[in-house]
Amino acid sequence: MTRKQRNRRVAARWIILLGAIFFVLPGCSTSSLTPIGEQGFQLEEDEQRIWREARELQKRFDQSGLIDEDPVLHDYINQLAGRIAPEKFKEQVRMEVKVLKHPAPNAFALPHGPLYIHSGFLARMDSEAQLAAVLGHEMSHVVYRHTLQTFRSVKQGAAFTSTLAVIGAPAGIYGLGVVLLGSVGALAAVSGYAQGLEEEADGEGLRIMARAGYDPHEAVRVMESLKTYLEQEEIKEPFFFSTHPRVEERIGSYRRIIAREFADPEGRQGKEEFTTKTARALLENALLEISRGRFTAAQEGIEKSLARDPTNSRAHFALAELFRQRSLDQDRVNAESEYKITIDLEPGMAEAHRGIGLLYYSTDRMKPATEHLRTYLELSPAAKDRAYIEQYLRKIDPGGMYP
Amino acid sequence: MNRKLFCSFPLFLGLTLLTSCVVPYAQISGKHVASSENFSVDVPDGWRQHNASADLVKKLKDILEKRHKLEWDVLRLTRDGLLLQQIAIGRIPIEKELPNTKRKLAQGMLPLDTAELVIDNFRANTNLTHQEITENAPAAFGGQPGFKLHYTYRAEEQLKMEGVFYGVLVGPWLYYALYEAPAQHYFQKDLAVFDKTVASFQFVKTGS
């Protein structure tokens, strides 16, 4: 079998699985399989195949160029995951959490253990407890073998063929690989399970975070923050977390479980360390949001950073870029002011000179434009956009130093 | 005999019209003038025009639609098939949002800012992976100051594609010409043809 054929087969299997998640198993109940790490757990034959295929998917993620390689963030999240994960589970599964640089608020787990969380989801969080809630939820999908259960339900169901047709048809045969293997957005949907399984993961996730000493109420708060984001940005992508009914389901489910099991919850939130360790990722995510034109979300992220540290020059720069690119009524004035603050805080930041230089150039203030664009080129001699900047400088002064 | 021929003529005409509606490619050559879109361009010898609305090529259309929005193409050319090489020339109304970003084009935008918006839209396309910009430089297009992007990405089944995109803002439109082909073997083969096509691109009326 060629690699191409194998990829298609893997993609087709996952398509079927996703079809089951969204169309065949809406009322699926909780798992009856022995949880991973419990006595009697054994990897079954069909499960071994699922794990093999999931490893292929994992490779695609890891080679996507979207993994955040910051060791500080990676170690922080993985140490947290290691602290909250059940001991027996850790013995059976090689768990690793990776951050994907993607603004969509999402998190998901592959059945053999790897967990992925988007930077856009981290940006919606305010505390370590919220991160623990999300990690606990995703871990629970792995512990209770929800992928295997879903896979088996599909195999037994009569809708096998029609499910493939429903999901596969819009993408076309060549689209299968793209939809499932080539696109992070599509792959992210792997995290969506039937309602019963999601509730099982909600309950176990809350227990995991509570056992580790975190306040379970934080789980509700992160979902509410997500709901606000989806509403304000009018996001309609088919991500599991992004569809309102499902976010509301999560909020309702968390509230019910908290009322039942954690009547008088106590626990820490862990805001300080979370804030410090995720600060860089938060700002980078804000820049991704700017590039997608989601200015409200970007501004919130940047202002969150500035509230933590008003002297953060990168945050002021990000805000200046946001104003310059949005270009509404007062935006140019605000952009100029933010660039000036950035340069006061960090005079050697080349991009800030570039930004304010371009702002002046586009508003015909050629003298300060020349000054800042020249400074930019001095600070960044190998700038990728050097040809543009030199062209603009030539236009301002045809006989100048950039003939 | 004559009567028979006369009677079969409507049938022949009907069949001709019917097939012309679904034929995905049409042979064209020489200077192509798109008066209502205000440009002209020399069609390279041996290349054919693709009709994306043909039902026969729906699957192909679906694949291409994921790469860039087809409704803005005015002219789409290929020699061996669109998956092997294509040149697309068209224009985007600046009041429209690009498919993958809410940022909008605006009249008077600098070529660098316009190029960066096009790049943002390209990078945010979740149908593609491994998007990379290998060149972003100022370039004249139709005699106007615009920009040129050289890029690569991976599409269906991880096939690495390579492309060049010329763009320029003229009035309320972003005019573009793009060339794409699989990076291996095909891209270099027709790059010179594309450069020649771009050099022949002219606005019919300047300043519109």
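Our subject is the structure listed above.
Computed from a predicted structure; not experimentally measured.

Turning our eyes to something else, we now look at helix H4 (residues 186–200) of chain B. All names here are of chain B. Between its first and last C-alpha atoms H4 spans 22 Å; for 15 residues at 1.5 Å apiece the expected length is 21 Å, and the two agree. Taking the largest bend as the criterion, H4 deviates by roughly 35°, centred on Ala-192. Within H4 the residues assigned to the buried category are Phe-187, Asp-190, Leu-191, Phe-194, Thr-197, Val-198 and Ser-200.

Looking now at the packing of helix H18 (residues 350–362) of chain A against helix H19 (residues 366–379) of chain A. Residues and elements named next belong to chain A. At their nearest, the axes of H18 and H19 sit 8 Å apart, and the two run at 155° to each other. Classed by the angle they form, the pair H18 and H19 counts as roughly antiparallel. The element H18 and its partner H19 pack so that their crossing is left-handed. Across the interface between the two elements, Ala-350, Glu-351, His-353, Arg-354, Ile-356, Gly-357, Leu-358, Tyr-360 and Tyr-361 from H18 touch Met-366, Pro-368, Ala-369, His-372, Leu-373, Thr-375, Tyr-376 and Leu-379 from H19. Residue classes in the contact of H18 with H19 are distributed as 11 nonpolar, 4 polar and 2 charged.

Take the sheet that holds strand S2 (residues 30–34) of chain B next. All names here are of chain B. Spatial ordering of the open sheet is given by S2-S3-S11, a layout of 3 strands whose pairing is antiparallel. At either margin of the open sheet sits one strand with a lone partner, and together these are S2 and strand S11 (202–203). Strands strand S3 (39–43) and S11 of the sheet are contacted by H4, whose axis makes an angle of about 150° with S3.

Residue and element names in this part refer to chain A. Applying the stated criterion to the full structure yields 40 salt bridges over all chains. Among the salt bridges present, the one from Lys-227 reaches Glu-231, with a minimum N-O distance of 3.9 Å. Remark: Glu-231 and Lys-227 occur in helix H12 (residues 217–233); sequence separation between them is 4 residues, near one turn of the helix. The class of Lys-227 is partly exposed, set by a relative accessible area of 23%. For Glu-231, a relative accessible area of 42% puts it in the partly exposed group. Among the charged side chains, a salt-bridge network with shared partners connects Glu-204, Arg-207, Arg-211, Arg-260 and Glu-261.

What counts, and at which threshold
- Residues numbered from 1 in each chain as written.
- Chains lettered and ligands numbered in written order.
- Predicted model: local features only at pLDDT ≥ 70, side-chain atom pairs only at ≥ 80, totals over all residues.
- Heavy atoms only, no water.
- Helix = DSSP H or I, 4+ residues; strand = E, 2+ residues; numbered from the N terminus.
- Expected span 1.5 Å × (residues − 1).
- Bend = angle between axes of the 7 residues up to and from the residue.
- Buried < 20%, exposed > 50% of the residue type's maximum accessible area, 1.4 Å probe, protein only.
- Axes fitted to C-alpha atoms, helices over the stretch in contact; angles between N-to-C directions.
- Parallel < 35°, antiparallel > 145°, perpendicular 65-115°, else oblique.
- Left-handed = near helix turned anticlockwise from the far one by under 90°.
- Contact = heavy atoms within 4.5 Å.
- Nonpolar A, V, L, I, M, F, W, Y, C, P; charged D, E, K, R; others polar.
- Pairing = 2+ DSSP bridges.
- Salt bridge = Lys/Arg side-chain N within 4 Å of Asp/Glu carboxyl O.

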